[in-house]
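Chain by chain, the residues:
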Amino acid sequence: MAGKPPTGDPVQDAPDVAAPQHAAAGLPAIAHTLRVAQQQMGVRRTALTLLKVNQKDGFDCPGCAWPEPDKRHAAEFCENGAKAVAEEATLRRVTPDFFAAHPVADLATRSGYWLGQQGRLTHPMYLAEGATAYEPVTWERAFDLIAEELHALDSPDEALFYTSGRTSNEAAFLYQLFAREFGTNNLPDCSNMCHESSGSALTETIGVGKGSVLLEDLYRADLIIVAGQNPGTNHPRMLSALEKAKAGGAKIITVNPLPEAGMERFKNPQNARGLAGGGTPLTDLFLQIRLGGDQALFRTLGRLVLETEGALDTDFIREHTHGFEEYERTARAADWDETLRATGLRREEIEEALRMILASRRTVVCWAMGLTQHKHAVPTIKEVVNLLLLRGDIGRPGAGVCPVRGHSNVQGDRTMGIFERPSAAFLDALEKEFGFAPPREHGLDVVRAIRALRDGDAKVFFAMGGNFVAASPDTEVTEAAMRRARLTVHVSTKLNRSHVVTGARALILPTLGRTERDRQSGGDQFVTVEDSMGMVHASRGRLEPSSPHLLSEPAIVCRLARRVLGTESATPWEQFEQDYGTIRDRISRVVAGFEDFNARVARPGGFTLPHAPRDERRFPTATGKANFTAAPVEYPRAPEGRLLLQTLRSHDQYNTTIYGLDDRYRGIKNGRRVVLVNPDDARTLGLADGAYADLVSEWTDGTERRAPGFRVVHYPTTPGCAAAYYPETNVLVPLDHTADTSNTPASKSLVIRLEPADPA
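The subject of this paragraph is the sheet that holds strand β23 (residues 607-608). On the basis of which strands lie adjacent, the open sheet formed by 3 strands has the order β21-β22-β23 and antiparallel pairing. Both outer strands of the open sheet, β21 (527-530) and β23, are each paired with one neighbouring strand and no more. Pairing analysis gives 2 bridges linking strand β22 (residues 535-539) to β23, with the strands arranged antiparallel. The partner of Val536 across the bridge, within β23, is Phe607. This element, helix α8 (residues 169-182), spans β21 and β22 of the sheet and lies at about 90 degrees to β21.

Okay, here's the thing in structure tokens:
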């Protein structure tokens, strides 16, 4: 029956394992999508809801940030997007009676999957100090409690205001405005844990911390390099764009430690070839790289381009770049033996990649967390930029950098000012528009926020969406830090692990989802989002709210600001809550690129934000040009008898949200505690396929971090490398093991040992 949640937490200690698949989507994806949607929403609600996903008059998918084409299918969503929508539009409800029946100690023993499957939150809930269960509370009392704790702080910097990527532009702008008017730049966000390395590298090299391509550029490209990314699971609609690029003649190089079904063959469920035929082979060259070897690969490719007569775009290099001579000296010294050791590739494979690069007039490089979550992530991405600069492939149609963002508005949140290190220009514009002096001292990112909680330097934690505890590294340290807070507050649509790892007091504030109609006193409202390629468009929910006790995210921020800041604030918070158009008017005067915001976003499909390198071949860096860089080549090393582990998602998962216990493409069913190990490595370690082992990470601090009871799966990974799902393996990631410059947790290059364990 639709709307009925599971009553017991499923056993996950004996997963079934079959051979991995070699194609993605097709009829199985359709069948699975419809089954999950109908279980959560019922038949009629499924039809009404899914047909509005990613439509110009509909709502933006709460899943990934992949952009929509101008001409859209009636079913403009993927399997995982449909699961995200189904869990938000579900008929299941988590009421006060549920919390009365499930004390926090009971909920803390449940899996993240079970918690998420219970349904939508319906009432504000409060966990008093010393209490064992959440109880319903009025909104007025909830805001009083938050104000009480914030006013008791010795400094505004003892408060942390975290943001998830699903927050709309309007809510994000208000949220950062409130935090800065309160007096802090402590605005950690999910970007700190994923694409912060991309922003750091791109800001320094091309002057804009965002990608430089649009969908049309992918369609026009001669060559697309997909590095450290698994579109089939994490951004499935990207496969349609790659298929279209292939139809236009593009070649694709995939760089990944794991073979991924989606990049092997795509069975597009939107056409007959995908449904009934063999689908479209996508990858022309698969470089099965060793974990963390990407910088060495791109450095050597740069060396080979330098050594090839006529391969350089000398006019572009002379007119638009800086630092070429130093880069050239460094790149020409790239050592083949070191490259082969770092990458695990054969020389012939790298030379074949070179031939494809030289044959391309327009090259796009796409990447995700497989590049961004290493200690040397920032220089790795700079090396990607170096290669493109050599060929003049930034600011040329059909070419450029394409960091593929995760959550649906994670890029928009940063554009709106959710950043612990805001620019002086942004703060100046904020001060001019609102008449207060925002703090200028940099705030705390995610890793530094956890340290502040751990050390007692932060006392209030407020999260606008997300699942901070499950998403963060070093799980035991993070959970202990959260429990030291005086108050933890989570604005959420569903239950998650963060609700049961609380401070002395805790609040859960239920909010509207993307699918739901947002009625304010000024009439029906819409919000806006920015996709991974800088397109801004409207999102309008159509369903009736899951509960009459829900507030929208903008309304929550506005009411909180009025209660905390009081009459001393000249900001028109009440007006902002009534009419979101007034928020967009202010954004248009503060945030560059949003001029005449209301009129431009009213156009179907929205508008494209300016991007100087793409639009003008202008690079707003410190040198005024695109910068070549020449950092030393780094790569992770594992001692004898150890492996390098990357944490990753299963196919039945989006970020920390677990939709199911299967990873269909990798052949895993009914379980998540699996570790994928190359068969030769497993035999050397004495671990049979189906054996069980504890994963123990080894790091310089000497602390043992252990994830117990993982089934060993013999899998075609790169030798010396292993893979396992997060958040189960976040316990293995040391808090201080982060990327240089960006401070992003280095979750993709953990040195681990496998200790045999009793299956019982």
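Structure's up, so let's keep going.
This part takes up the side chain of Ser492. By secondary structure assignment, the location of Ser492 is in strand β17 (residues 487-492). According to the relative accessible area criterion, Ser492 is buried, its value standing at 4%. Not counting residues within four places of it along the chain, the set of residues in contact with Ser492 comprises Leu121, His499, Leu509, Pro510 and Thr511.

Moving on, we get to the pattern of salt bridges. Within this structure, the stated rule accounts for 68 salt bridges. In this structure, Arg642 and Glu698 form a salt bridge, with 2.7 Å as the shortest nitrogen-oxygen distance. Note that Arg642 is positioned in the loop between β24 (626-627) and β25 (643-648) and Glu698 in the loop between β30 (692-697) and β31 (705-714), a separation of 56 residues in sequence. For Arg642, a relative accessible area of 29% gives the class partly exposed. Across the salt bridge formed by Asp701 and Arg705, the nearest N and O atoms sit 2.8 Å from each other. Here Asp701 falls in the partly exposed class, since its relative accessible area comes to 37%. Classification of Arg705 as buried rests on a relative accessible area of 9%.

A word on the packing of aromatic side chains. Per the counting criterion, the structure on display carries 21 aromatic pairs. Ring centres of Phe173 and Phe434 lie 6.2 Å apart, and the angle between their planes is 45 degrees; on these two criteria the pair is classed as tilted. Separated by 261 residues along the polypeptide, Phe173 in helix α8 and Phe434 in helix α23 (residues 424-434) bring together distant segments of the chain. Judged by relative accessible area, Phe434 falls into the buried class, the value being 9%. Between Phe594 and Phe597 the ring centres are 4.9 Å apart and the planes differ by 70 degrees, which places this aromatic pair in the edge-to-face class. Accessibility classification places Phe594 together with Phe597 in one group, the buried group. Taken together, the ring pairs connect Phe161, Tyr175, Phe178, Phe182 and Phe462 into an aromatic cluster. Its end group placed over the ring of Phe526, Arg540 keeps NZ or CZ at 4.6 Å from the ring centre. One cation-aromatic arrangement involves Arg600 over Phe607; the distance from NZ or CZ to the ring centre is 4.0 Å.

The subject of this paragraph is the sheet that holds strand β11 (residues 280-281). In spatial order, the strands read β2-β10-β11; together these 3 strands make up an open sheet with mixed pairing. Two strands bound the open sheet, and with one partner strand each, they are β2 (24-25) and β11. Pairing between β2 and strand β10 (residues 265-267): 2 bridges, direction parallel. Bridge pairing in β10 places Ala24 opposite Phe266. Helix α12 (residues 238-247) contacts β2, β10 and β11 of the sheet and is inclined by roughly 110 degrees relative to β10.

Axis separation between helix α18 (residues 336-343) and helix α19 (residues 347-359) bottoms out at 10 Å; the angle between their running directions is 95 degrees. Classified by the angle between their axes, α18 and α19 sit roughly perpendicular to one another. Along the contact surface, α18 presents Trp336, Thr339, Leu340 and Thr343, while α19 presents Arg347, Ile350 and Glu351. For the contact of α18 with α19, the class distribution of residues is 3 nonpolar, 2 polar and 2 charged.

Glancing now at the layout of surface pockets. In this structure, the second largest pocket occupies an estimated 1,200 Å³ of space. Lining the second largest pocket are 45 residues; nearest its centre among them are Val208, Gly209, Lys210, Arg414 and Thr415. Of the residues forming the lining of the second largest pocket, the biggest block, 5 residues, is contributed by helix α9 (residues 196-205). Tallied by class, residues from the lining of the second largest pocket come to 15 nonpolar, 18 polar and 12 charged.

What counts and how
Residues numbered from 1 in each chain as written. Predicted model: local features only at pLDDT ≥ 70, side-chain atom pairs only at ≥ 80, totals over all residues. Heavy atoms only, no water. Pairing = 2+ DSSP bridges. Helix = DSSP H or I, 4+ residues; strand = E, 2+ residues; numbered from the N terminus. Contact = heavy atoms within 4.5 Å. Axes fitted to C-alpha atoms, helices over the stretch in contact; angles between N-to-C directions. Buried < 20%, exposed > 50% of the residue type's maximum accessible area, 1.4 Å probe, protein only. Salt bridge = Lys/Arg side-chain N within 4 Å of Asp/Glu carboxyl O. Phe/Tyr/Trp six-rings, centres within 6.5 Å; stacked < 30°, edge-to-face > 60°. Lys NZ or Arg CZ within 6 Å of the ring centre and 35° of its normal. Parallel < 35°, antiparallel > 145°, perpendicular 65-115°, else oblique. Nonpolar A, V, L, I, M, F, W, Y, C, P; charged D, E, K, R; others polar. 1 Å grid on protein atoms, 1.4 Å probe; cavity = no way out; pocket = protein on both sides within 12 Å on 5 of 7 lines; lining within 4 Å. Points joined across faces, edges and corners; volume = space filled by probe spheres on them.

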